Amino acid sequence: MTEILLHGQESLEEIHDRFAEALRLPVYYGRNLDALFDCLTDLQEDVTVHLKDPAALEERLGPRGRALTALLRRAAAENPRVQLLEGA
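Residues numbered from 1 in each chain as written. Predicted model: local features only at pLDDT ≥ 70, side-chain atom pairs only at ≥ 80, totals over all residues. Heavy atoms only, no water.

Engineer: Where do I start with the pattern of salt bridges in this structure?
Structural biologist: One side chain can pair with another of opposite charge once the charged atoms of both are near each other. This model, assessed by the stated rule, comprises 5 salt bridges. With a shortest N-O distance of 2.9 Å, Arg18 and Glu10 are connected by a salt bridge. Asp46 is the partner of Arg81 in a salt bridge, and the nearest nitrogen-oxygen pair spans 3.2 Å. Here Asp46 lies in the loop between α2 (33-42) and β2 (47-51) and Arg81 lies in the loop between α4 (63-78) and β3 (82-86), a separation of 35 residues in the sequence. (Salt bridge = Lys/Arg side-chain N within 4 Å of Asp/Glu carboxyl O. Helix = DSSP H or I, 4+ residues; strand = E, 2+ residues; numbered from the N terminus.)

Engineer: I would appreciate a short explanation of the nonpolar core in the present structure.
Structural biologist: Within soluble globular proteins, side chains that are nonpolar generally end up buried alongside one another. The biggest cluster of nonpolar side chains holds 26 residues, and the ones touching the most others in it are Leu6, Phe19, Leu23, Leu40, Leu68 and Leu72. At the level of elements, β1 (2-6), α1 (12-22), α2, β2, α3 (54-61), α4 and β3 are the ones that each hand at least two residues to this core. If we ignore the near neighbours within four places in the chain, the residues touching Leu68 are Leu12, Ile15, Leu33, Leu36 and Leu57. (Core = buried A, V, L, I, M, F, W, Y, C linked by side-chain atoms within 4.5 Å. Buried < 20%, exposed > 50% of the residue type's maximum accessible area, 1.4 Å probe, protein only. Contact = heavy atoms within 4.5 Å.)

Engineer: In this structure, what is going on with α3? I would like to understand it.
Structural biologist: Every α-helical turn comprises 3.6 residues, leaving residues that sit three or four positions apart pointing alike. Inspection of α3 places Pro54, Ala56, Leu57 and Leu61 among the buried residues, and these make up the whole buried set. The arc that holds the buried residues of α3, viewed along the axis, is 160 degrees, so those residues lie on one side. Residues Ala55 and Glu59 are exposed on α3 and point more than 90 degrees away from its buried face. Contacts made by the buried residues of α3 are with α1, β2, α4 and β3. Once α3 ends, the next one or two residues include Gly62, with phi positive near 60 degrees. (Arc of directions from axis to C-beta.)

Quick look at the structure:
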């Protein structure tokens, strides 16, 4: 199982880097939220995303942070292989 830890202080670029590396995404990964959602909902392996401080992420990244947290929640709801843990 793959685990991805997000503290809530990362930039969007760092978040895309973390997902690309952990999930071994192809070089053509679009590094945008639509591409991330597609990758997460197509996963055939188990992945746990630990989002330690969603509020900090949303505050730091503004609308993009809110879109990212919503995306992670939707991906976890659509793909049983994706587990999202929020908070400490």
